[in-house]
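Chains, contacts and geometry: an overview
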Amino acid sequence: MNVVNEKCEVIRNERVSSDGHVLVLNSRDISRQTLPGQFVEIGCYGEDMILRRPFSVFDVSNESLSLFIKIVGKGTKWLSELNSGSIVDLIGPLGNGFTVSSNSRSLLIGGGCGIASLNLLSRKLFDSNSNADTIFGFSKPEEIPQEIIEGFQKRSNGVLVTVDKGSYPIIGNVVDRLKEVDLENYDRFYCCGPTRMLKALDPFLYKREVEVSLEARMACGIGVCYGCTINTKQGSKRVCLDGPVFKMEEVEWNEM
Ligand code: FES
């Protein structure tokens, strides 16, 4: 697999929740190589910004690549305001990606932006005759990207959405929901979201077949600066190069 630098035109920039956008880019080189769980670095060149930012790939086709952008700062705000026809600079695909096993029964667990890499994974599992149920957690109801959730529901009847607070039928976090699930129904688990969420899941999923996609602050994104190093049971690893997907049992959660 080749990491390439591609100039991509914005095809669409759609608001999908109170703070979420899906940015659809024209791409042929990166899109055709990307595996679920991999990410790209995108250049953000607004005022006072010259950094690239890492984003999990939300979806791909032969001609396009989509990113889920949650507005959390200047760079993501700049991306959320890009118009169709704008050109952005992408490097990718980066990182390792999830293992997609056919004919499996999987449970996907995502929090917030974690929905990004789980979307492509869910599609690939569906194409591989695997059933993928899902638990999603959001902070509040207005952050739920309803159309995206409906996409997951088309691929599985077992999609559960929970929110920390607000007016919504199911209140609580993903750990609360996981406690209600019979884990024996699944042979694989995939988790993606904030580190504190992944850490909280560890005691419940420990020793099962679990892959986690880690979020980390990244500078270079290609293994050069060592800014994203974590401790694992096999020693130091770089999230951008050795991950972002790791086996849950391999991460030293006490040091995260
Ligand atoms: Fe530079 Fe990972 S971001 S080594």
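Residues numbered from 1 in each chain as written. Predicted model: local features only at pLDDT ≥ 70, side-chain atom pairs only at ≥ 80, totals over all residues. Heavy atoms only, no water.

1. As for the nonpolar core
- Among the nonpolar cores identified, the biggest contains 28 residues, and Ile109, Leu178, Cys191, Leu201, Leu205, Val212 and Leu214 are the most heavily contacted of them.
- Mapped by element, the contributors of at least two residues to this core are strand 7 (105-111), helix 4 (174-178), strand 10 (188-192), helix 5 (195-205), strand 11 (210-213) and helix 6 (239-242).
- Top contributing element to this core by residue count: helix 5, with 4 residues.
- Here Ile109 is in contact with Leu118, Ile135, Val174, Leu178, Tyr190, Cys191, Cys192, Met197, Leu201 and Leu205, once residues within four sequence places are set aside.
- The next biggest cluster of nonpolar side chains, apart from the first, holds 25 residues, and it includes Val24, Phe136, Val161 and Cys192. (Core = buried A, V, L, I, M, F, W, Y, C linked by side-chain atoms within 4.5 Å. Buried < 20%, exposed > 50% of the residue type's maximum accessible area, 1.4 Å probe, protein only. Helix = DSSP H or I, 4+ residues; strand = E, 2+ residues; numbered from the N terminus. Contact = heavy atoms within 4.5 Å.)

2. Focus: the layout of surface pockets
- Its boundaries defined by the atoms lining it, the largest pocket holds a volume of some 1200 Å³.
- Examining the composition of the lining of the largest pocket, we find that 5 residues originate from one element, strand 4 (residues 52-60), more than from any other.
- Among the residues forming the lining of the largest pocket, the class breakdown is 20 nonpolar, 10 polar and 9 charged.
- Quantified by volume, the second largest pocket comes out at close to 270 Å³.
- Secondary-structure elements contributing two or more residues to the lining of the second largest pocket are strand 1 (4-15), strand 2 (20-26), strand 4, strand 5 (64-70) and helix 3 (146-155).
- Among the elements that line the lining of the second largest pocket, the one with the most residues is helix 3, at 4 residues.
- Here the residues of the lining of the second largest pocket sort into 7 nonpolar, 5 polar and 5 charged. (1 Å grid on protein atoms, 1.4 Å probe; cavity = no way out; pocket = protein on both sides within 12 Å on 5 of 7 lines; lining within 4 Å. Points joined across faces, edges and corners; volume = space filled by probe spheres on them. Nonpolar A, V, L, I, M, F, W, Y, C, P; charged D, E, K, R; others polar.)

3. Quick look at the pairing of strand 12 (residues 229-232)
- Residue alternation in strand 12 divides its side chains into a buried set, Ile230 and Thr232, and an unburied set, Thr229 and Asn231.
- Here strand 12 hands over to strand 13 (residues 235-238) after 2 residues, the two strands then running antiparallel side by side. (Pairing = 2+ DSSP bridges.)

4. Describing the sheet that holds strand 2
- An order of 1-2-5-4-3-6 is seen for the 6 strands of this closed barrel, with the pairing classed as antiparallel. When strand polarity is set aside, the average angle formed by the axes of neighbouring strands in this sheet is 45 degrees.
- As judged from the 6 bridges shared by strand 1 and strand 6 (residues 87-94), these two strands associate in the antiparallel manner. In the strand pairing of strand 6, Asn5 is matched with Ile91.
- Helix 2 (residues 115-127) rests against strand 4 and strand 5 of the sheet, and its axis sits at about 30 degrees to strand 4. (Axes fitted to C-alpha atoms, helices over the stretch in contact; angles between N-to-C directions.)

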